Amino acid sequence: MSAPVNESGFPKNITATGAVSTGPCQLIGFYVNSTAAGTLVLRDGGASGTVLCGTITPAIGFHRWPANIGSSLHATVGGTIDVTFFFASGN
């Protein structure tokens, strides 16, 4: 019998470009609270780190985006967006 899966994590709300986590983490996903042509580019390793995706133009609502982040998670924000990321610390 396997243990149940726990998909919970720390929330981090951002409205401007910046760090989501300052260390390794497991990204569960993000919830877009509001947006007006807002975009996201996610990176591993800070503002000049490895790009994890192209430019995302998300709709309002939850977006499952499971990823193992080796260094730190950084989000570059374009336009206007209010987004909450959910992640578990460590790898």
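Described in the following lines is the structure provided in the data block. (Residues numbered from 1 in each chain as written. Predicted model: local features only at pLDDT ≥ 70, side-chain atom pairs only at ≥ 80, totals over all residues. Heavy atoms only, no water.)

## Details of the overall build of the protein chain
Secondary structure summary: the protein chain contains zero helices and six strands in total. By the compact-globule yardstick of 12 Å for 91 residues, the protein chain fits well, its C-alpha radius of gyration being 13 Å. By principal-axis analysis of the C-alpha atoms, the protein chain measures approximately 45 × 30 × 20 Å. Scored against the burial criterion, the 91 residues of the protein chain give a buried share of 38%. Of the contacts made within the protein chain by residues no fewer than 6 positions apart, 78% connect residues no fewer than 24 positions apart. Entry remark: accessible area of the protein chain is about 4,900 Å², with carbon and sulfur atoms responsible for 56%. (Helix = DSSP H or I, 4+ residues; strand = E, 2+ residues; numbered from the N terminus. Rg over C-alpha atoms; globule rule 2.2 N^0.38 Å. Buried < 20%, exposed > 50% of the residue type's maximum accessible area, 1.4 Å probe, protein only. Contact = heavy atoms within 4.5 Å. Areas by Shrake-Rupley, 256 points an atom, 1.4 Å probe, with all protein chains shown as cover.)

## Remarks on the nonpolar core
By size, the foremost hydrophobic cluster in this structure holds 18 residues, and its most contacted members are Leu-40, Val-83 and Phe-85. Counting only elements with at least two residues in this core, the list comes to strand S3 (25–44) and strand S6 (73–89). (Core = buried A, V, L, I, M, F, W, Y, C linked by side-chain atoms within 4.5 Å.)

## Some words on the packing of aromatic side chains
As enumerated under the stated definition, the model contains three aromatic pairs in all. Measuring from ring centre to ring centre gives 6.2 Å for Phe-10 and Phe-87, while their planes differ by 50°; the resulting arrangement is tilted. Taken together, the residues span a long stretch of sequence, with Phe-10 in strand S1 (residues 10–14) and Phe-87 in strand S6 at a distance of 77 residues. Judged by centre distance (6.4 Å) and plane angle (55°), the rings of Phe-62 and Phe-86 are tilted. You can see Phe-62 sitting in strand S5 (residues 61–69) and its partner Phe-86 sitting in strand S6, a full 24 residues away along the chain. (Phe/Tyr/Trp six-rings, centres within 6.5 Å; stacked < 30°, edge-to-face > 60°.)

## Topic: the state of the cysteines
Under the criterion given, the structure shown has zero disulfides. Of the cysteine sulfurs around Cys-25, a residue in no disulfide, the closest is that of Cys-53, at 13 Å. (Disulfide = S-S within 2.5 Å.)

## Let's talk about the side chain of Thr-84
If you trace the backbone, Thr-84 turns up in strand S6. At 3.0 Å, the side chain of Thr-84 forms a polar contact with the side chain of Asn-13. Side-chain polar atoms of Thr-84 contact the side chain of Asn-33, separated by 3.2 Å. For Thr-84, the residues in contact, after removing those within four places along its chain, are Pro-11, Lys-12, Asn-13, Gly-29, Phe-30, Tyr-31 and Asn-33. (Polar contact = N/O pair within 3.5 Å; in protein donor to acceptor, adjacent residues only side chain to side chain.)

## Some thoughts on the environment of Thr-39
Positionally, Thr-39 belongs in strand S3. C-alpha of Thr-39 to C-alpha of Gly-78: the two residues are 39 residues apart in sequence and 4.8 Å apart in space. Discounting residues that sit within four places of it in the chain, Thr-39 has contacts with Thr-55, Ile-56, Thr-57, Thr-76, Val-77, Gly-78 and Ile-81.

Read these as geometric descriptors, not functional statements.
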